[in-house]
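Report on the structure
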Amino acid sequence: RSTLFPYTTLFRSMTKANWPTHYFALNSLSGKLRALYLTQYDSLEAWEKDNAAVAKNSALSAELERASVADGELLDSVDQGVFVYSDELSYHARANLSQQRFMEISAYVVRPGHEKEWNELVKLVKSGYEKAGIDAHWGTFTQIYGGQGGRYIVLSAHKTLAEVDNDFLNDKLFEKALGEDGLKQLDKLVQASIESSEHNLFQFNPHQSYVPEEWVKSDPTFWKPKAAAPAAKPAVEKEKAKP
């Protein structure tokens, strides 16, 4: 889910209500200037119950409505999407993102009727990474609402951008692990299954996030940064300070 609100008002509202549903924010470092707000639910039913609970909380729902109206003049656009996690298409996905600071997001649109080739492609890539012994992590999600059919997003979190540099170096190991025949098969599956793809880099923004307490405890200096001290007022000359 990606939703935009005035983040200070939203954070204060959720904190005041001690709301059990949390979210974290990502700001783009490439592509279109944007902010993504990601919320995780165990099921669509859990999402429904959360929405119903917000609606029943008159104080919270009123504050969220005011925030939404106030934010309208500042936004170029608002978009929402619902994605379902696929363990089969993921690779050593990170369960805890509290220590991560950057996120690569790749979006793939699979050609209609070519899901089989797409699944074979991901399976081949995973086997290549396993064979090469590459320490990589990604989670794959299928978009079920809010976008065109056959759309998948792949999230890969990193603590530093040095890890991204290392990923580029690992490409050689991956190619060596697949071998010439494997690379030919990979290219064939890519051509057959992928209609389009887009890759962008984002950065975690603690100021716009409402994360669980265990995340805050894991790194309070990042997730709960102190507000900047106000600028000091200029000293008043003694002569002017006298009655």
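Residues numbered from 1 in each chain as written. Predicted model: local features only at pLDDT ≥ 70, side-chain atom pairs only at ≥ 80, totals over all residues. Heavy atoms only, no water.

Brief notes about the overall build of the chain
- Secondary structure assignment for the chain yields eight helices and seven strands.
- Counting over 243 residues, the chain shows a buried share of 37%.
- In the chain, the share of contacts with a sequence separation of at least 24, taken over all contacts with a separation of at least 6, comes to 79%.
- Per element, the accessible surface of the chain, about 15600 Å² overall, is 54% carbon and sulfur. (Helix = DSSP H or I, 4+ residues; strand = E, 2+ residues; numbered from the N terminus. Buried < 20%, exposed > 50% of the residue type's maximum accessible area, 1.4 Å probe, protein only. Contact = heavy atoms within 4.5 Å. Areas by Shrake-Rupley, 256 points an atom, 1.4 Å probe, with all protein chains shown as cover.)

Points about the pairing of strand β4 (residues 102-110)
- Within β4, eight of the nine residues are buried, leaving the element largely enclosed by the surrounding structure.
- Summarising the sheet, β4 and strand β6 (residues 151-158) pair through eight bridges and their orientation is antiparallel. Of the residues in β6, the one forming a bridge with I105 is L155. (Pairing = 2+ DSSP bridges.)

Description of the packing of helix α4 (residues 115-132) against helix α5 (residues 161-193)
- For the pair α4 and α5, interaxial distance at closest approach is 9 Å and the crossing angle is 170 degrees. The angle between α4 and α5 places the two elements in the roughly antiparallel class. Facing α4, whose interface residues are E117, W118, E120, L121, L124, V125, G128, Y129, K131 and A132, α5 presents L173, F174, A177, L178, G182, Q185, L186, L189, V190, A192 and S193.
- Of the residues belonging to the contact of α4 with α5, the class tally is 14 nonpolar, four polar and three charged. (Axes fitted to C-alpha atoms, helices over the stretch in contact; angles between N-to-C directions. Parallel < 35°, antiparallel > 145°, perpendicular 65-115°, else oblique. Nonpolar A, V, L, I, M, F, W, Y, C, P; charged D, E, K, R; others polar.)

Digging into unusual backbone geometry
- A positive phi is found at N18, a non-glycine position, where the angle reads about 50 degrees.
- With respect to the helices and strands, N18 occurs in the loop between α1 (7-16) and β1 (23-28).
- Positive phi values are uncommon outside glycine, yet H92 reaches one of about 50 degrees.
- Note on placement: H92 falls in the loop between β3 (82-91) and β4.
- Taking the relative accessible area as the measure of exposure, H92 reaches 43% and is therefore partly exposed.

Quick notes on the packing of aromatic side chains
- Here the structure, examined in full by the defined rule, presents 14 aromatic pairs.
- In textbook terms, an aromatic cluster arises when at least three aromatic residues are bridged by ring pairs, as seen for F24, F204, W215, F222 and W223.
- Its end group placed over the ring of F222, R101 keeps NZ or CZ at 3.8 Å from the ring centre. (Phe/Tyr/Trp six-rings, centres within 6.5 Å; stacked < 30°, edge-to-face > 60°. Lys NZ or Arg CZ within 6 Å of the ring centre and 35° of its normal.)

So, the pairing of β6
- Counting buried residues in β6 gives seven out of eight residues, a clear majority hidden from the surface.
- With antiparallel pairing between neighbouring strands as the criterion, strand β5 (residues 138-145) and β6 make up a hairpin whose turn holds five residues, including G146 at a positive phi of roughly 90 degrees.

Observations regarding the sheet that holds β5
- Overall, antiparallel pairing links the seven strands, which are arranged β2-β1-β7-β4-β6-β5-β3 in an open sheet. Each end of this open sheet is capped by a strand with a single partner; those strands are β2 (35-38) and β3. Here the average twist between neighbouring strands, direction ignored, is 35 degrees.
- Two elements, β4 and strand β7 (residues 194-210), share nine bridges in a ladder whose sense is antiparallel. Directly across from E104, in β7, lies its bridge partner L201.
- Against the sheet, α4 contacts β3, β4, β5, β6 and β7, and its axis sits at roughly 50 degrees relative to β3.

Focus: α5
- Over its 33 residues, α5 runs only 30 Å from end to end, short of the ideal 48 Å by more than 12%, given 1.5 Å per residue.
- Along α5, the largest kink reaches about 105 degrees and is centred on G179.
- Within the span of α5, buried status applies to V164, N170, F174, A177, L178, G182, L186, L189 and S193.
- In the core, the buried residues of α5 are packed alongside β4, α4, β6 and β7. (Expected span 1.5 Å × (residues − 1). Bend = angle between axes of the 7 residues up to and from the residue.)

Here's the deal with α4
- Over its 18 residues, α4 runs 26 Å from end to end, which matches the ideal 26 Å to within 8%, given 1.5 Å per residue.
- Those residues of α4 that sit buried are W118, L121, V122, L124, V125, K126, G128 and Y129.
- Summarising the contacts, the buried residues of α4 are in contact with β3, β4, β5, β6, α5 and β7.
- Looking one or two residues past α4, G133 carries a phi angle of roughly 70 degrees, positive in sign.

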